[in-house]
Amino acid sequence: MKRQMLKKIANIACVLAVAIAPVASEYCRFIFFQPEEPEGLAEFAKSKKH
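Everything numeric here is computed off the predicted structure, so don't read it as measured data.

Criteria and thresholds
- Residues numbered from 1 in each chain as written.
- Predicted model: local features only at pLDDT ≥ 70, side-chain atom pairs only at ≥ 80, totals over all residues.
- Heavy atoms only, no water.
- Helix = DSSP H or I, 4+ residues; strand = E, 2+ residues; numbered from the N terminus.
- Buried < 20%, exposed > 50% of the residue type's maximum accessible area, 1.4 Å probe, protein only.
- Areas by Shrake-Rupley, 256 points an atom, 1.4 Å probe, with all protein chains shown as cover.
- Patch = residues over 30% accessible without salt bridge, like charges linked within 9 Å, V, L, I, M, F, W, Y side chains within 5 Å.
- Salt bridge = Lys/Arg side-chain N within 4 Å of Asp/Glu carboxyl O.
- Expected span 1.5 Å × (residues − 1).

S.K.: Provide a residue-level description of the overall build of the protein chain, including the pertinent values.
M.R.: Assigned secondary structure in the protein chain consists of 2 helices and 0 strands. Across the 50 residues of the protein chain, 0% fall into the buried class. Approximately 5,600 Å² of the protein chain is accessible, and the part contributed by carbon and sulfur atoms is 65%.

Right, dumping it as structure tokens:
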């Protein structure tokens, strides 16, 4: 009985997570997007290599 109840609750939680996850990313306050490489990144990377 307890195992069946646990499975039912887990299934509901899984369905909710699958339904909400794609939508949740659209409602983030800050959606970070950096379309191009920052200036000086190559030189910075070279300076950090040993």
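Having seen the structure, we can now continue with the description.
S.K.: Outline a nonpolar patch on the surface, listing residues and values.
M.R.: Together, Ile12, Leu16 and Ile20 make up an exposed nonpolar region whose accessible area comes to about 290 Å². Note on placement: Ile20 falls in helix H1 (residues 2-24).

S.K.: Tell me about H1, and please be specific about residues and values.
M.R.: Along its 23 residues, H1 runs 32 Å from first to last C-alpha, staying within 8% of the 33 Å computed at 1.5 Å per residue. Burial analysis of H1 places just 0 of its 23 residues in the buried class, a small minority of the element.

In short, shape yes, function no, at least from these values alone.
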